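Each chain, letter by letter, is given below.
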Amino acid sequence: MRIDLLIHSAAQLCVMPSVDGKPQRGAALGELGLIEDGAVAVVNGRILETGKTADLRARYRADEEIDANSRCLIPGFVDPHTHLPWAGDRAGEFEQRLAGAAYMEIMDAGGGIMSTVREVRRATIDELVEANLPRLEHMLRYGTTSAECKTGYGLNTAAEIKQLDAIRALDERQPIELTPTFLPAHAVPQEFDGRSDEYVDLIINETLPAGAKWMAEHDQPLFCDVFCEIGAFDIAQTRRILQKAADLGFALKVHADEFEGLGGTKLAVELGAISADHLVCTPDEDIAALGAGDTIAVGLPGTPFGLAHSEYTPARQILAANGTLALATDCNPGTTWNESMQMVIALGCRYMGLTQAQALAAATLNAAYAIGRGDEIGSLEAGKQADILILSVPDYRQLGYRYGTNLVETIIKKGKTVS
Ligand code: NIG
Ligand code: FE
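One structure accompanies this document, and this report is about it. (Residues numbered from 1 in each chain as written. Chains lettered and ligands numbered in written order. Predicted model: local features only at pLDDT ≥ 70, side-chain atom pairs only at ≥ 80, totals over all residues. Heavy atoms only, no water.)

Another point: the site of ligand 1. Around ligand 1, a shell composed of 15 residues is seen, among which Arg90, Tyr103, Tyr153, His186 and Glu258 lie nearest. Between ligand 1 and Arg90, the relevant distance is 2.8 Å, taken from an oxygen atom to a side-chain nitrogen or oxygen of the residue. Relative to its unbound accessible surface of 330 Å², ligand 1 loses 100% to contact with the protein. For the shell around ligand 1, the class distribution of residues is four nonpolar, eight polar and three charged. (Near = heavy atom within 4 Å. Polar contact = N/O pair within 3.5 Å; in protein donor to acceptor, adjacent residues only side chain to side chain. Areas by Shrake-Rupley, 256 points an atom, 1.4 Å probe, with all protein chains shown as cover. Nonpolar A, V, L, I, M, F, W, Y, C, P; charged D, E, K, R; others polar.)

For side chains bearing opposite charge, pairing can occur when the charged atoms are close. Taken as a whole, this structure holds 24 salt bridges when the rule is applied. Residue Arg46 pairs with Glu376 through a salt bridge whose shortest N-O separation is 3.0 Å. With Arg46 in strand E3 (residues 46-52) and Glu376 in the loop between helix H15 (365-370) and strand E14 (388-391), this pair connects stretches of sequence that are 330 residues apart. When its relative accessible area of 31% is taken as the criterion, Arg46 is described as partly exposed. Residues Glu285 and Lys266 are paired through a salt bridge, measuring 2.7 Å at the closest nitrogen-oxygen approach. Taken together, the residues Glu285 in helix H10 (residues 284-292) and Lys266 in helix H9 (residues 264-270) connect sequence positions 19 residues apart. Owing to a relative accessible area of 37%, Lys266 belongs among the partly exposed residues under this scheme. (Salt bridge = Lys/Arg side-chain N within 4 Å of Asp/Glu carboxyl O. Helix = DSSP H or I, 4+ residues; strand = E, 2+ residues; numbered from the N terminus. Buried < 20%, exposed > 50% of the residue type's maximum accessible area, 1.4 Å probe, protein only.)

Once that is clear, we can look at helix H13 (residues 341-351). Among the 11 residues of H13, eight are classified as buried, and the element is accordingly described as predominantly covered. Among the residues making up H13, those that are buried are Met341, Gln342, Val344, Ile345, Ala346, Leu347, Gly348 and Cys349. The distance from a side-chain oxygen at the start of H13 to the backbone nitrogen of Gln342 is 3.1 Å, and the residue carrying that oxygen is Ser340. Once H13 ends, the next one or two residues include Gly353, with phi positive near 70°.

Function cannot be read off these values alone, since they describe shape.
Now the structure itself:
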């Protein structure tokens with residue numbers, strides 16, 4: 001049979017198999033589906049088969065062959081939590097934090113998220129696109145082939161919709177597929193200072209309906225996310241916003257337990273959210289809830305690292321409770337400007353107690369499920385998109401072990417070499 005592409009002679013091919021079409025949860029996390037001297041057959045941008053090089057070579061004639069030359073093949077990384085697109089930078093705030101200021105303190109004083117909001121409100125869609133293309137290019141070069149992107153730096157209806165339009169434009173301009181999330185509840189904007197319930201009313205009565213209209217116009221599903229935190233939105237406000245969002249047809253996500261455990265994770269599970277993200281100060285009962293539900297815990301170890309905090313997502317406890325864990329960068333100009341999922345794996349191994357195999361599954365297969373795309377991407381299973389990385393090394397265990405050096409050599413998106 002003729003096929004479009006055969007990548008062969010991989011020292012290791014990590015399939016990262018799903019578990020009957022579901023993510024790898026609890027003790028099952030870290031299943032590699034490892035094939036030595038592996039090959040992958042690609043037709044029409046999709047994976048036809050993976051197997052041993054000799055078997056696939058005997059079966060297929062390929063229009064194009066890539067010799068992986070005894071290196072390691074893995075699925076493209078999926079980054080299921082980023083805050084692209086933004087404008088400007090906050091290097092000065094990093095300096096303030098190094099001098100002792102706390103992240104939420106800077107935000108309370110009108111900086112933090114609000115300072116990026118001022119920049120984003122000023123920017124045109126084209127300016128947002130131009131500013132964020134280089135960030136996506138870095139992400140791609142470090143192996144991210146699909147990512148989630150959030151609004152949340154507009155904080156009024158028009159500017160939030162402008163960010164959605166910018167995400168859409170960015171999606172068309174470069175190879176990484178972008179999944180949009182609507183986050184008007186990222187912070188209480190300055191003009192609503194001391195009147196957070198009124199801002200919540202505005203979100204519910206105006207901004208979410210505008211987002212729902214955008215969804216319908218563009219035939220593009222959206223997640224709705226809320227930053228549930230002291231100084232942002234409390235648990236009652238988070239519930240109101242998410243319930244309204246669910247009624248309007250949004251799928252749900254929650255920023256929970258980044259600094260304080262307010263019950264956001266339990267609420268996420270109760271409302272059937274696809275993911276609860278951050279989960280640093282997560283109470284035990286919320287961890288137990290993760291094990292009983294299908295909400296995916298997204299660990300963002302770049303964030304405590306970026307803030308020089310010492311507490312990280314309690315991954316082992318979450319897995320022991322039979323929870324499902326994914327990893328993401330949280331790439332944003334405030335807490336963690338890091339485009340590399342390889343760096344996230346390195347941090348996850350050290351500070352969340354993950355093995356390389358667990359971190360790899362959390363950064364590929366489970367990450368794909370965390371943005372609702374587990375049927376299409378995240379593993380090298382037959383039928384999925386051929387989003388494939390060829391590493392510069394033969395052994396997947398070099399991921400996480402080494403950091404600061406890019407170990408991704410070749411990036412294949414939908415069967416085409418893009419970098
Ligand atoms: O996930 N915590 C809220 N949002 C981001 C930070 C965004 C910013 O500081 O600009 C986060 O860490
Ligand atoms: Fe975040």
